[in-house]
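A look at the structure
Listed below are the residues making up each chain.
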Amino acid sequence: MTVAPNIRVLPDNLVNQIAAGEVVERPSSVVKELVENSIDAGATKIEITLIDGGKSLISVLDNGHGMTQDNLAKCIERHATSKLKDDDLFNVSFMGFRGEALPSISSIARVNITTRTKDDENAWELVVEGGVRKDIKPAKLNQGTKIEVRDLFFATPARLKFLKQSSTETSKCVDIINRIAMANPEIGFFLDDGVKKKIALNAEQGELFDAHKKRLAKIMGKDFAENSILVNQKRENVKIYGHISLPTLNKNNSLSQYFFVNGRPVRDKLLLGAMRGAYNEFLAGGRHPYACLFIDVEPIDVDVNVHPAKAEVRFRNNQLVTGLLVSSIRNAINSAGHLASNSLSSNAIDYIAKGNNPPMQMQLEENQQAGNFQYQSQTPKSYRSDLELNDYMPELRDNVSVKTESISESVIQDDFDKPLGLAKAQYHKNYIIAQTQDGITIVDQHAAHERLVYEDMKKNFEANKIQRQMLLIPEVVELDAVQFDYIINSASDLEKLGLIIEEFGDSTIIVREIPSLIGDTDIKGLVKSIADDMAEHGTQISLSDKIHNIIATISCHGSVRSGRVLNFEEMNKLLRDMEATPHSGQCNHGRPTYVELKLADIEKLFSRT
Ligand code: ADP
Ligand code: MG
């Protein structure tokens, strides 16, 4: 028989070390806790120094309200906080409130806290090593607090081995500070790793959105600042605001999506998922937008206690938050209309300026050999005689309401004023060059038309007005078993989109009617693409996303292919339709449909500026 063991209440320091296991994972978690304390203390300038990625030293200096000598003695006590005034755990407006950070950190490292309030004659300093405190002594410091944390985990060496090399730990700290800095543009942040200034962000002045944007330009880059749109919406007690990228500015991971709930950086699957949904119809799979979004809810409607490092949140009403997130993003993109990212033109200029263009002589020869140059004079009379309107997709004429009445000179002059300008020529049977008031635009006709067909189908689908066209000879399409299953199971959705199919024996279907919008197209290829797309996304996506994917596939198959010669009138019609169509700045895969070069940009190319 074993002896029943005695229960013992753990000593404070051990309790603190256990708590530190939760709160302090690595130097960046210490940096986060200390900087949040500085923000809570009303600091407007916070300076961080790291030595060996924070493993030897983390120092955080602020100009906040400081602590009195009494409070300095208390601040390292377990569960001692100045931030929970009325015992209401669900009404917390500070970053911290658990009173856990300082005692935990002091139990595992050597900590010096120096602090001074505005009424103090001098500063006070407290030293704690592995939870053992020394006497408080007078010290020198301006108003504020300086906390130095040396030899992190010296008291719990087992945890040292989980630390990475210094440069990795430094970048984790830089990442945390950047996130915190995004949410606090009115505070200056500086970080030095002992060798180099890694962060130098002066406090931004001005109205909140402006200050945010200036701060974001410094952290996320000029491209983002110049190609972002403002989000600002409120529903019930939820407010969502911030900046998101135009769909044409995207990347291959979601790491540039930053979310803040009540000012705290969070990385939450729910929010990332909502973001994906909101951009679904503007971006190809695998591409992700940039975003910096703030979600403010009543403190009582969110639980930040889910995880001590507070990276995840739980909302009382998830649907309200994600619903508002999706709709505010879509509204913002809608309001941006046909805008495409303007960094595209600067990228193009940089590319050319770096000498990536072959010598002129060679280009000329290539063009002559290939007969690639198609010039359309701007007067309708000079249409190439060998160019029939039938050459052009019939749907552009009939369904997207192209009116082919003759264009008067005055209309043409007016077109210079239009955002996309007056089409002057078509190159390589796919690129329309147009002249605007102060530059030129180059339009990818295939990408642009694909988007127009997509938007048109979407509109008609929503209004339940998709027109169908009966095939004179129904098309028999053989599929593999998987494709067949997906198509047959989606027959009723496809019907709503104007595609009438029936089972026709073993893994074979027959297509009887197609959406009239898409005209003459490779029906077999279309059906197979739709099936493959469904197989790729599986059954996990929502019906509306599935419908949008099908519409995207149909419009890709039904749009003016590159390689089709367009006449002057048709080109201008395309440009005017683009201007009138939302989201026409990007194709369904998030690629731009046009690039604009301002005269100033062109002058740069010739070194005229
Ligand atoms: P919490 O932030 O949850 O209150 P902490 O352990 O992080 O717990 O801090 C304990 C207390 O120490 C805080 O409530 C605050 O009163 C005081 N404090 C900590 N850091 C600072 C600082 N930089 N300036 C002023 N007071 C501070
Ligand atoms: Mg704190």
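Residues numbered from 1 in each chain as written. Chains lettered and ligands numbered in written order. Predicted model: local features only at pLDDT ≥ 70, side-chain atom pairs only at ≥ 80, totals over all residues. Heavy atoms only, no water.

Concerning the nonpolar core
Counting residues in each nonpolar core, the largest one holds 43 residues, and the members touching the most others are L34, V35, I46, I113, V149 and F189. Not counting residues within four places of it along the chain, the set of residues in contact with F189 comprises V35, I39, I46, I177, I180, A181, N184, I199, A200, L201 and R215. Grouped together as the second largest cluster of nonpolar side chains are 32 residues, L272, V302, L320 and A336 included. (Core = buried A, V, L, I, M, F, W, Y, C linked by side-chain atoms within 4.5 Å. Buried < 20%, exposed > 50% of the residue type's maximum accessible area, 1.4 Å probe, protein only. Contact = heavy atoms within 4.5 Å.)

Regarding the pattern of salt bridges
Pairing between side chains becomes possible if they bear opposite charge and their charged atoms approach one another. Scanning the model with the defined rule gives 28 salt bridges in all. In this structure, D151 and R110 form a salt bridge, with 2.8 Å as the shortest nitrogen-oxygen distance. Of this pair, D151 sits in the loop between β7 (144-150) and α5 (166-183) while R110 sits in strand β3 (residues 110-116); the two residues are 41 residues apart in sequence, bridging distant segments of the chain. Note on R110: relative accessible area 27%, which makes it partly exposed. Linked by salt bridges that have partners in common, R110, E129, K134 and D151 make up one network. (Salt bridge = Lys/Arg side-chain N within 4 Å of Asp/Glu carboxyl O. Helix = DSSP H or I, 4+ residues; strand = E, 2+ residues; numbered from the N terminus.)

Here's the deal with the site of ligand 1
Around ligand 1, 21 residues are found, and the nearest of them are N37, T81, S82, K83 and G99. Between ligand 1 and T81, the relevant distance is 2.5 Å, taken from an oxygen atom to a side-chain nitrogen or oxygen of the residue. With respect to ligand 1, the backbone of A101 contributes an N or O atom lying 3.3 Å from an oxygen atom. A total of 530 Å² of accessible area belongs to ligand 1 in isolation, and the protein chains cover 94% of it. (Near = heavy atom within 4 Å. Polar contact = N/O pair within 3.5 Å; in protein donor to acceptor, adjacent residues only side chain to side chain. Areas by Shrake-Rupley, 256 points an atom, 1.4 Å probe, with all protein chains shown as cover.)

Scope: geometric values only; no functional claims are made or implied.
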